[in-house]
Amino acid sequence: MLPLEGITVVSLEQAVAAPFATRQLADLGARVIKVERPGVGDFARNYDKTVKGLASHFVWINRSKESLALDLKQEEAKEVLHKLLEKADVFLHNLAPGAVDRLGFSAEELKVKYPKLIICSISGYGTFGPYTNKKAYDLLIQCEAGLVSVTGTEDTPSKAGISIADIAAGMYAYTGVLTAIISRYKTGKGAIIEVSMLEALAEWMGYPLYYSAYGDNEPPRTGASHATIYPYGPFEAGDGKMVFMGIQNEREWVEFCERVLDNPELAVDPLFNSNSQRVVNKTALKTIIEDVFQGMDSGQAIERLEQSRIANARLNTMNELVDHPQLAARDRWREVDSPVGKLKALIPPVTSDEVDTVMNPIPEVGEHTHSILSEFGFSEQQITKLTTQ
């Protein structure tokens, strides 16, 4: 039996945060009914057409769901949603602040009507406060949470290359719902859960937050290097490729000098004999390291680092990640069905010897509307009325 088998999730979701949360619930066996606008559906379906005509974001976070197309401006459609919530375990949404309330599905009303229902909302800034109605896109939350201030080069701030604020919020919604499900087994009561993208990403900013709040300076932007550890980051080898490495302690520093740089005297040089000194004198140290690395290609440099048990990595492209030997060795790739045929999909990172992950198809807009409405007792006449635009 799958861990969440028997759990039904109804989701008014769009974009990334909520769909990422519900896809992970679906991975564990929950039934996820994705309520979409008739015709166009979740607007993330049209972000791009890269995956055989489908959007890359949508393919990533919408497998294993059922799509129910409803125009919730119609009273009949609202009745359908109430019918679903009567039997649902979880109601999750990430519409604009106040939108669900205006439709008549506020958390307070639903808690009274369905006391066992777990209600989870995701928003940019939360349900109250001066920023509540401020538009909240991923980049903007990265800015407000300070992530952009510590990411990038010394001269140029940069956002993360993925939707990290959305992903953080989706992860906390997912774990929050799981926690509420466990709690409900003990208490018999549902819960109202609220996740703010700003608060989710602010939690992830813990190290620079404390460093700034209790230190004399904020951590500087250092590109792919580290603000407070050196050597740490990219170094160019003789073939022009970057080798990434990091020294974590003095034992590793000595080993690095002796076996990688072939310069044991450097380990005790007063300019470099502690991490704080190496950070202060990192420009000079970078030149010393890269002078040695220029005498070998990136593969040889990585081999030396491996032999010395110094942490290292290649700078992979996305296509190199697809073909990563570790993912292949651990059999992490599967295929899922979609409206355009079979597509590659990574299995979730949490694996169990007791559970197989659900890897069901990616739905078309409204693909399951008729079957869901029939299941919940609506007549053919009602279904026709609800599905006719």
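It should be emphasised that the depicted structure is a prediction, and the values quoted were computed from it without experimental measurement. (Residues numbered from 1 in each chain as written. Predicted model: local features only at pLDDT ≥ 70, side-chain atom pairs only at ≥ 80, totals over all residues. Heavy atoms only, no water.)

**A word on the overall build of the protein chain**
Logical step 1: Summing up its helical and strand segments, the protein chain has 18 helices and eleven strands in all.
Logical step 2: Viewed in the frame of its principal axes, the protein chain has a C-alpha envelope of about 85 × 45 × 40 Å.
Logical step 3: By the burial criterion, 44% of the 389 residues in the protein chain qualify as buried.
Logical step 4: Both charge centroids of the protein chain, one from 39 positive and one from 52 negative side chains, sit 6 Å from each other. (Helix = DSSP H or I, 4+ residues; strand = E, 2+ residues; numbered from the N terminus. Buried < 20%, exposed > 50% of the residue type's maximum accessible area, 1.4 Å probe, protein only. Lys, Arg positive; Asp, Glu negative; His and termini not counted. Charge placed at Lys NZ, Arg CZ, Asp CG, Glu CD.)

**Structural notes on the packing of helix α8 (residues 164-187) against helix α9 (residues 197-204)**
Logical step 1: Running from amino to carboxyl end, α8 crosses α9 at an angle of 95 degrees, the nearest separation of the two axes being 8 Å. Classified by the interaxial angle, the pair formed by α8 and α9 is roughly perpendicular. Here α8 contributes Ile164, Ala165, Asp166, Ala168, Ala169 and Tyr172 to the contact with α9, which in turn contributes Met197, Ala200, Leu201, Glu203 and Trp204.
Logical step 2: Each residue belonging to the contact of α8 with α9 can be placed in one class, and the counts come to nine nonpolar, no polar and two charged. (Axes fitted to C-alpha atoms, helices over the stretch in contact; angles between N-to-C directions. Parallel < 35°, antiparallel > 145°, perpendicular 65-115°, else oblique. Contact = heavy atoms within 4.5 Å. Nonpolar A, V, L, I, M, F, W, Y, C, P; charged D, E, K, R; others polar.)

**Concerning α8**
Logical step 1: Taking 1.5 Å of rise per residue, 24 residues should cover 34 Å, and α8 covers 34 Å from first to last C-alpha, within 8% of that figure.
Logical step 2: Once α8 finishes, Gly188 follows within two positions and takes phi at roughly 80 degrees, a positive value. (Expected span 1.5 Å × (residues − 1).)

**With respect to the pattern of salt bridges**
Logical step 1: According to the stated counting rule, one finds 17 salt bridges in the structure shown.
Logical step 2: Two residues, Arg45 and Glu36, come together in a salt bridge whose shortest N-O distance is 2.8 Å. Comparing Arg45 with Glu36, the two get one shared label, buried.
Logical step 3: The salt bridge involving Asp331 is made with Arg334; its shortest N-O contact spans 3.5 Å.
Logical step 4: By relative accessible area, Asp331 is classed as partly exposed at 47%. (Salt bridge = Lys/Arg side-chain N within 4 Å of Asp/Glu carboxyl O.)

**Points about the nonpolar core**
Logical step 1: Counting residues in hydrophobic clusters, the biggest one holds 35 residues, and the most contacted among them are Leu92, Ile122 and Val177.
Logical step 2: It is α8 that contributes the most residues to this core, nine residues altogether.
Logical step 3: Residue contacts for Leu92: discarding those within four places in its chain leaves Val10, Ser11, Leu12, Ala18, Ala21, Thr22, Cys120, Ile122 and Val177.
Logical step 4: Among the nonpolar cores identified, the runner-up in size contains 27 residues, and Ile33, Leu70, Leu72 and Leu110 belong to it. (Core = buried A, V, L, I, M, F, W, Y, C linked by side-chain atoms within 4.5 Å.)

**Side note on the sheet that holds strand β2 (residues 31-36)**
Logical step 1: As summarised here, the arrangement of the six strands in space is β3-β2-β1-β4-β5-β6, forming an open sheet in which the pairing is parallel. The open sheet has two free edges, formed respectively by β3 (65-69) and β6 (191-196), since each of these has just one partner strand. On average, each strand axis in the sheet is tilted by 20 degrees relative to the strand beside it, whichever way the strands run.
Logical step 2: As paired elements, strand β1 (residues 8-12) and β2 share five bridges and run parallel to each other. Residue pairing across strands places Thr8 opposite Arg31, the latter belonging to β2.
Logical step 3: Most of the contacts of helix α3 (residues 75-87) go to β1, to which it runs at about 145 degrees, and overall it touches β1, β2, β3 and β4 (90-93). (Pairing = 2+ DSSP bridges.)

**A word on the pairing of strand β5 (residues 118-123)**
Logical step 1: The buried count for β5 comes to six of six residues, which makes it a mostly enclosed element.
Logical step 2: Because side chains alternate across β5, one face comprises the buried residues Ile118, Cys120 and Ile122, and the other comprises Ile119, Ser121 and Ser123, equally buried.

**Points about the environment of Arg23**
Logical step 1: In this fold, Arg23 is placed in helix α1 (residues 17-27).
Logical step 2: Remark: the alpha-carbon pair of Arg23 and Val358, spanning 335 residues in sequence, is separated by 9.8 Å.
Logical step 3: Once you skip the residues sitting within four places of it in the chain, Arg23 turns out to touch Trp60, Ile61, Asn62, Arg63, Lys65 and Pro348.

**What to know about unusual backbone geometry**
Logical step 1: The residue after Tyr230, namely Pro231, is reached through a cis peptide bond having omega -5 degrees.
Logical step 2: Despite not being glycine, Lys52 shows a phi value in the positive range, around 55 degrees.
Logical step 3: In this structure, Lys52 sits in the loop between β2 and α2 (56-61).
Logical step 4: Unusually for a residue other than glycine, Arg309 sits at a positive phi of about 55 degrees.
Logical step 5: Inspection of the secondary structure puts Arg309 in the loop between α14 (298-307) and β9 (311-314).

**Some remarks on the packing of helix α11 (residues 250-260) against α14**
Logical step 1: The interhelical angle for the contact between α11 and α14, taken along N-to-C directions, is 130 degrees, at an axis separation of 10 Å. One element, α11, and the other, α14, form an angle in the oblique class. For α11 against α14, the interelement crossing comes out right-handed. Mapping the contact onto sequence places Phe256, Arg259 and Val260 in α11 and Arg304, Leu305 and Gln307 in α14.
Logical step 2: Classifying every residue of the contact of α11 with α14 by side-chain character gives three nonpolar, one polar and two charged. (Left-handed = near helix turned anticlockwise from the far one by under 90°.)

**Considering the packing of aromatic side chains**
In this description, a pair of aromatic rings is defined by centroid distance and the angle of the planes.
Logical step 1: Scanning all chains against the criterion turns up eight aromatic pairs.
Logical step 2: Measuring from ring centre to ring centre gives 5.3 Å for Phe20 and Trp60, while their planes differ by 40 degrees; the resulting arrangement is tilted. In this pair, Phe20 sits in helix α1 while Trp60 sits in helix α2, placing the two residues 40 residues apart along the sequence.
Logical step 3: Assessed through its relative accessible area of 9%, Phe20 is described here as buried.
Logical step 4: Of the residues examined, Trp60 reaches a relative accessible area of 33% and is grouped as partly exposed. (Phe/Tyr/Trp six-rings, centres within 6.5 Å; stacked < 30°, edge-to-face > 60°.)

**Comments concerning the sheet that holds strand β8 (residues 242-246)**
Logical step 1: The strand order β7-β8-β9 describes an open sheet built from three strands, whose pairing is antiparallel. Each edge of the open sheet is held by one strand with a lone partner, namely β7 (232-236) and β9. Going from strand to strand, the sheet's axes swing by 25 degrees on average, the running direction of each strand aside.
Logical step 2: Here β7 pairs with β8 via five bridges, running antiparallel. Residue pairing in the sheet places Gly233 in a bridge with Met245 of β8.
Logical step 3: Along the sheet, helix α13 (residues 282-293) contacts β7 and β8; its crossing angle with β7, the most-contacted strand, is approximately 45 degrees.

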